[in-house]
Every structure is written in structure tokens, then in C-alpha cells.
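The lines below spell out each chain.
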Amino acid sequence: DGRTIAGKVKGIDRVTDVAVVEIAERNLPSVQIGDSEQIKPGEWAIAIGNPLGLDNTVTAGIISGTGRSSAEIGATDKRVNYIQTDAAINPGNSGGPLLNAAGQVIGMNTAILRGAQGLGFAIPINTAQRIASQLIATGKVDHPFLGIKMVNLTPQIKEEINRNPNANLKIDVDKGTLIARVVRESPAAKAGIKAGDIIQSVNGKAVQTANDVQQAVETTKIGTSVSVQVRRNGQEIALNVTPVAAPPMTAAPE
């Protein structure tokens, strides 16, 4: 209605690009929150925001994709699986809602790929709410950290490693998540995880990519044991890792 209302920043999480602002005003209109886990590509999407200073702008499109990793969109310092939409998003849309056809918020618009058209991205509302709850409770967010650097295994990487006489490693699968490095004194190192291991599952859930592993770990609790199944030189090995809080701005895969 044109009013300006003062707000207080309760907390910021730079790893997901989510912040919480508290305002004292009461009885303000609000929107219904949806479930971003239920959306599918092809469904309608509506974006509302302030692009380039044009306030109350509404654009429509579809959900173009889900589960887009931070690496895929070039946001390597973030830990989010984004919603992709072709509803027009421009500078100034960030922080505005992405709605479904029922008018429920399913995402928070946050990014575009420069030089491209129809490639906008939103943080899933389930992720934003999970982060916001922690910011409201404590003013900060601690992200689980194992201390591993991962790459997606390909037949080419497999061949290079198997041909290297100094690798002391034999890989017998073509796909999976290969541990390239283990941070010294990290939870992974203490649990016995080694470079060259191929992660098969996390807490009993099969994983195929580094992003799968990152998202599986992200939903675990710090200080709680996580079961990790790895393949090492043709053998299946079960290990238990207890994640710690990630060092500030640690957003690369675990």
C-alpha cells in the first residue's frame, strides 16, 4: 500500500543466500506457502518482484527443471539445489516469490545466467524455510562438514587412474562419486575415508553424483553419526562419519 516499514536483520546465511528480516508491523497480508518437493517440470510458475526498479512486476512461465546444483549455474560458493524457471527474472527480482498456479510460494527468486534468456533460478521454499528457522532461532546456520573433495566419476577418469602405476588404486565401476581429497584431521579422515574411495550411499540412500552426496549430508545433523558406504579397490566398506560445523564460507562439495 506504499508504506515504508523498518526492519531488523535477524540473520544471514551466505552459503544459501538466505536472510531473515523481522518487522514489528502486525496484521499484514501474507501468502500461502507451498511444498517445493512436490513441483514438477512443466508446471506453471509465476514470479513477482521489482526488476530494474519496476515495482509489482508479475511474469509467468513454467518450471523448467528442478535440482539444479550450484555448480551447474556457476554459483560455486553456494549449497543449494535450485528450481529453474523461464518466468522472466531480472536484477531486482531477487528475494521475490516464485509461485505455483494456486498462488502458493514454492521458491525465492535469486539468480539468472547472464547472456541467456529464460534461465532463471529460485531457492526452493522448503530450503529457505529450513534455513530461516535456524536464523530465527540462533541468528546463524551451521552446515554439516565432512572434509572431502569430490568429483563425478567418468569412464575417462577411471581409465586415467587405472593406467597410473603410482595411483595404487583400482577402480572397477564407471559411475559414482569419487573422493579426490580428504582434509587432514577432518571428520572424514578420522572415520577412515580415503582419497580414491567411491561413495555408494549416505545413510542407506544411494547416491550417484557429488551433488547427491552434498545434499544428503546437508540434511543431516551436526554431531550425529552418518553411515557412508564406499567402494575401495573392489570391496564394499561401511564407515560412520560424524559431521562438524563447516568452517565459514565452506560451500564446495563437503
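Residues numbered from 1 in each chain as written. Predicted model: local features only at pLDDT ≥ 70, side-chain atom pairs only at ≥ 80, totals over all residues. Heavy atoms only, no water.

Chemist: Even after reading the chapter, I still don't get the sheet that holds strand β7 (residues 105-112), so can you show me in this structure?
Modeler: Through backbone hydrogen bonds, the strands of a sheet pair up, either in parallel or in antiparallel fashion. The six strands are arranged β3-β4-β5-β8-β7-β6 in a closed barrel whose pairing can be described as antiparallel. Ignoring strand direction, the axes of neighbouring strands in this sheet form an average angle of 45°. Packing of helix α1 (residues 125-138) onto the sheet brings it into contact with β7 and β8 (120-124), and relative to β8 it is tilted by some 50°. (Pairing = 2+ DSSP bridges. Helix = DSSP H or I, 4+ residues; strand = E, 2+ residues; numbered from the N terminus. Axes fitted to C-alpha atoms, helices over the stretch in contact; angles between N-to-C directions. Contact = heavy atoms within 4.5 Å.)

Chemist: Help me out: how do you make sense of the pairing of strand β11 (residues 176-182) in this one?
Modeler: Where a strand is regular, its side chains alternate between the two sheet faces. Here six bridges tie strand β10 (residues 148-153) to β11, and the two strands are oriented antiparallel to one another. Bridge pairing links V151 to L178 in β11.

Chemist: Any chance you could explain a nonpolar patch on the surface here in plain terms?
Modeler: Where nonpolar side chains cluster on the molecular surface, the patch consists of I5, V9, I12, V21, I23 and L28 and spans about 460 Å² of accessible area. Broken down by secondary-structure element, the contributors of at least two residues to the nonpolar patch are β1 (7-13) and β2 (18-23). L28 gets classed as partly exposed once you look at its relative accessible area, which sits at 31%. (Patch = residues over 30% accessible without salt bridge, like charges linked within 9 Å, V, L, I, M, F, W, Y side chains within 5 Å. Areas by Shrake-Rupley, 256 points an atom, 1.4 Å probe, with all protein chains shown as cover. Salt bridge = Lys/Arg side-chain N within 4 Å of Asp/Glu carboxyl O. Buried < 20%, exposed > 50% of the residue type's maximum accessible area, 1.4 Å probe, protein only.)

Chemist: Explanation requested: the pattern of salt bridges in the structure shown.
Modeler: Between side chains of opposite charge, a pair can form when the charged atoms approach closely. For the structure on display, the rule yields eight salt bridges. For D142, the salt bridge is made with K140, and the minimal N-O distance between the two is 2.9 Å. Looking at D142, the relative accessible area reads 37%, which means it is partly exposed. K158 is the partner of D174 in a salt bridge, and the nearest nitrogen-oxygen pair spans 3.0 Å. Taken together, the residues D174 in the loop between α2 (155-163) and β11 and K158 in helix α2 connect sequence positions 16 residues apart. Here the residues in one salt-bridge network are D172, R231 and E236, joined through shared partners.

Chemist: What's the story with unusual backbone geometry in this structure? I'm lost.
Modeler: With glycine set apart, most residues show a phi of negative sign, and most peptide bonds adopt trans. You will see that N203, though not glycine, has its phi angle at about 50°, which is positive. Note on placement: N203 falls in the loop between β12 (198-202) and β13 (205-206). For N203, a relative accessible area of 45% corresponds to the partly exposed category.

Chemist: I would appreciate a short explanation of the confidence of the model for the chain in the present structure.
Modeler: Any region with low pLDDT has predicted coordinates that should not be read closely. This prediction gives the chain a mean pLDDT of 89; 98% of its residues lie at or above 70. The least confident element of the chain is α2, whose mean pLDDT is 86; the most confident is strand β6 (residues 97-99), at 96. (pLDDT = per-residue confidence, 0-100.)

Chemist: Help me out: how do you make sense of the side chain of T16 in this one?
Modeler: Relative to the helices and strands, T16 is located in the loop between β1 and β2. Its relative accessible area of 0% is what places T16 among the buried residues. Within the structure, the side chain of T16 is placed 2.5 Å from the side chain of D13, a separation counted as a polar contact. Other than its neighbours up to four places away in sequence, T16 contacts K78, R79, V80, I123, I131 and H143. (Polar contact = N/O pair within 3.5 Å; in protein donor to acceptor, adjacent residues only side chain to side chain.)

Chemist: Any chance you could explain the nonpolar core here in plain terms?
Modeler: I148, I193, I199, V202 and V213 are the most contacted members of the largest nonpolar core, which totals 19 residues. When contributions to this core are tallied by element, the ones reaching two or more residues are β10, α3 (187-191), β12, α4 (210-218), β14 (226-232) and β15 (235-241). At four residues, the largest contribution of residues to this core is made by α4. If you look at the next biggest cluster of nonpolar residues, it comprises 17 residues, including I73, V80, A128 and I131. (Core = buried A, V, L, I, M, F, W, Y, C linked by side-chain atoms within 4.5 Å.)

Chemist: Teacher, can you tell me more about α1 here?
Modeler: Note on helix geometry: an α-helix contains 3.6 residues per turn, so any two residues three or four positions apart are oriented the same way. Here α1 spans 20 Å end to end across 14 residues, near enough to the 20 Å set by a 1.5 Å rise per residue. Of all the residues in α1, the buried ones are I125, T127, A128, I131, A132 and L135. Projected down its long axis, α1 shows its buried positions confined to an angular sector of 150°, all on one face. Facing away from the buried surface of α1 by more than 90 degrees, the exposed residues are A137 and T138. Residues of α1 that are buried make contact with β1, β2, β7 and β8. Just downstream of α1 lies G139, where phi reads positive at about 85°. (Expected span 1.5 Å × (residues − 1). Arc of directions from axis to C-beta.)

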